[in-house]
Structures are given as C-alpha cells and as structure tokens.
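Working through the structure, step by step
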Amino acid sequence: MPLLEVKDLGVRYDKAQILNGVSLAVHDGEFVGIVGPNGAGKSTLLRAISGLVRFEARMKRGAGGDIVLAGEVRFGAERIDGLPAHEIRRRGLVHCPERRRPFRELTVLENLMAGAFLSKSGPETQRRLERSFAMFPRLAERKDQIAGTLSGGEQQMLATARALMYEARLLAIDEPSLGLAPRIREELFAAIRRIHGAGTAVLLVEQEVGQVFRMAERSYVLSQGRIIAQGSARSLMADETLRAGYLGL
Ligand SMILES: Nc1ncnc2c1ncn2[C@@H]1O[C@H](COP(=O)(O)OP(=O)(O)O)[C@@H](O)[C@H]1O
Ligand SMILES: [Mg+2]
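Before going into details, it helps to say that this report is about the structure given with it. (Residues numbered from 1 in each chain as written. Chains lettered and ligands numbered in written order. Predicted model: local features only at pLDDT ≥ 70, side-chain atom pairs only at ≥ 80, totals over all residues. Heavy atoms only, no water.)

**A closer look at the nonpolar core**
A general trend in soluble globular proteins is that nonpolar side chains are found buried together. Within the largest apolar cluster, 44 residues are counted, with the highest numbers of intra-cluster contacts made by L112, F136, L139, I192, L204 and L247. Examining the composition of this core, we find that six residues originate from one element, helix α8 (residues 182–197), more than from any other. When near neighbours in sequence (up to four residues on either side) are disregarded, I192 contacts F31, I173, P176, V202 and M215. With 32 residues, the next largest nonpolar core counts L3, V11, I34 and L222 among its residues. (Core = buried A, V, L, I, M, F, W, Y, C linked by side-chain atoms within 4.5 Å. Buried < 20%, exposed > 50% of the residue type's maximum accessible area, 1.4 Å probe, protein only. Helix = DSSP H or I, 4+ residues; strand = E, 2+ residues; numbered from the N terminus. Contact = heavy atoms within 4.5 Å.)

**Here's the deal with the packing of helix α7 (residues 152–163) against α8**
The interhelical angle for the contact between α7 and α8, taken along N-to-C directions, is 10 degrees, at an axis separation of 10 Å. Between α7 and α8, the angle falls in the class roughly parallel. Taken together, the residues of α8 that come into contact with α7 (itself represented by G153, E154, Q156, M157 and T160) are I184, E187, L188 and I195. Residue composition of the contact of α7 with α8, by class: four nonpolar, three polar and two charged. (Axes fitted to C-alpha atoms, helices over the stretch in contact; angles between N-to-C directions. Parallel < 35°, antiparallel > 145°, perpendicular 65-115°, else oblique. Nonpolar A, V, L, I, M, F, W, Y, C, P; charged D, E, K, R; others polar.)

**So, the site of ligand 1**
Lining the immediate environment of ligand 1, one finds Y13, I18, P37, N38, G39, A40, G41, K42, S43, T44 and E56. Within the backbone of G39, one N or O atom sits 2.7 Å away from an oxygen atom of ligand 1. Note that an oxygen atom of ligand 1 is positioned 3.0 Å from one of the backbone N or O atoms of G41. In isolation ligand 1 offers 560 Å² of accessible surface; the protein chains occlude 62% of this area. If one sorts the elements of the shell around ligand 1 by residue count, helix α1 (residues 42–49) sits on top with three residues. (Near = heavy atom within 4 Å. Polar contact = N/O pair within 3.5 Å; in protein donor to acceptor, adjacent residues only side chain to side chain. Areas by Shrake-Rupley, 256 points an atom, 1.4 Å probe, with all protein chains shown as cover.)

**Considerations on the sheet that holds strand β8 (residues 201–205)**
Pairing is mixed across the open sheet formed by six strands, whose spatial order is β6-β7-β8-β3-β9-β10. Only two strands of the sheet have a single neighbouring strand rather than two, namely β6 (93–96) and β10 (226–231). Across the sheet, the axes of successive neighbouring strands diverge by a mean angle of 15 degrees, strand direction being ignored. As defined by bridge partners, strand β3 (residues 31–35) adjoins β8 across four bridges and the pair is classed as parallel. (Pairing = 2+ DSSP bridges.)

Note that all results are geometric; they support no functional claim without further evidence.
Dropping the structure here:
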C-alpha cells in the first residue's frame, strides 16, 4: 500500500479548472518527481495535498472566487483531505512551499527551533537540530547568523532544513532550486539526496527536468492540470513527443 495516494484530485478556482482527475502514489521511502511546464498546476497539486488549498478556500468562503476541491488523498492509509494543514503535517506529510523564506529577523538556530515547537522533549528537539545541521553543513557554520543576512540560496536551504524539524515521512518540496546559483543548487540537491538516503520519502517539484530525472526513481508529467505520463526517467525520455513537447530536453 502506498504511503501517499491521491485519487482523482480536482481543484477549481472560480471558473478555472486548475487540476483535473489527478491520481498519483508515493511509496514509503520512494523518491518521486513531478515535472511539467510553468502553470501546469504543480504547486497547486502540492498545496492541495498538504491542506493549503483547503485553508485558502476556507479563508475566502463567501468572499467570491470560490475554490472547489474534489477527490481523495490518503496518507498512511488514512483519508487526509479535509484535515487542517497542521494536522497533515503532524502526521508526517511535510510541505516546503515555493519561495518559502525563513523569518528574516531570527538567527538560523532560532528559525530551526521555531520549526520544532511541536516536538515533545528537549532531547528530541536536539536530535532533530543535529540532523538538520548534518544535512546542511553550511547552515551549521552559520547557526548564529541573522537569517535576513543569508544569501538567497542559504535562505532556501534554511527553509528546507526547517521542514526537517518535523518528523517527516514524506517531504514535498516545491522548486527548491528556483533562482539559485549552480553551486548552491548542487549543494541543496545533495542535501535532498541525504534526506532521502536517511529514509524519508520525497516528492520533488522542479522546473529543471534533468535534475529531477537524475534523482527521482519515478516521475509524473503534469500538463494543464492533468497527469499526461509517468514512469522512470528512461521511459519518459524514450517518448519523443513528450521529450520535445513537455520536457524541453
Ligand atoms: N490562488 C489562486 N487563485 C487563482 N488561480 C490560481 C491560484 N493559484 C494558482 N492559480 C492558477 O493555477 C494555475 C497553475 O498554477 P501553479 O499550480 O502555480 O502552476 P505551476 O506550479 O505548475 O507553475 C495557474 O494558471 C495559476 O494562475
Ligand atoms: Mg509552481
């Protein structure tokens, strides 16, 4: 049984159908990619899974511009669609949204501690802190630096490291490399590999298809709100139409 199972997910913003009949699965410890052109609905998909679209819908209710959700999401065999975002995160489905920024006025360490407020004991928090620093050595070196003075890439790393302060069984990361210099991008992807290597399932959304294909065991191609293909990098690359039309490779 998959760790995450999405069935016939639909999201409609007012009259625009953003996601349509999206089904996918991620197994325990698996590394799954989602690729597709800009505006395909990749971020909306992660936001729908993690409860953020429902939160947005609740905030907007009655204010016009209705948001309508359809379909089912299961995590660890239980239905999670309809649960509040914090409850979904507590169960171990941790979402690191696009362009997430840390608290600029806090230090690196304080940012990570702010991500740990849910954990039960001091030693547990310490263990998670050490794990975050082990995954991101660059942050360990800068633990007392004010986050607002970190480079963009380091801030992106901090945002991802913060997600690790939760006990993630599945880490869903949206475009972590956006706007980063190649070297720091490599460092960030190396950290994501380490996170996966430590046993966490990863669902990675990225514009950079080649990078996803090097890391993910399997990928889904999303276009105009629908899954149009799925499989290993090799099988997706073998499809000429897909390659030329959607993957830009
Ligand atoms: N909160 C929102 N309200 C209305 N439309 C939205 C909202 N969020 C996203 N969309 C629309 O949904 C489509 C898919 O966006 P998105 O999920 O961000 O795509 P991607 O991440 O693949 O680039 C876009 O056309 C976008 O304008
Ligand atoms: Mg996006």
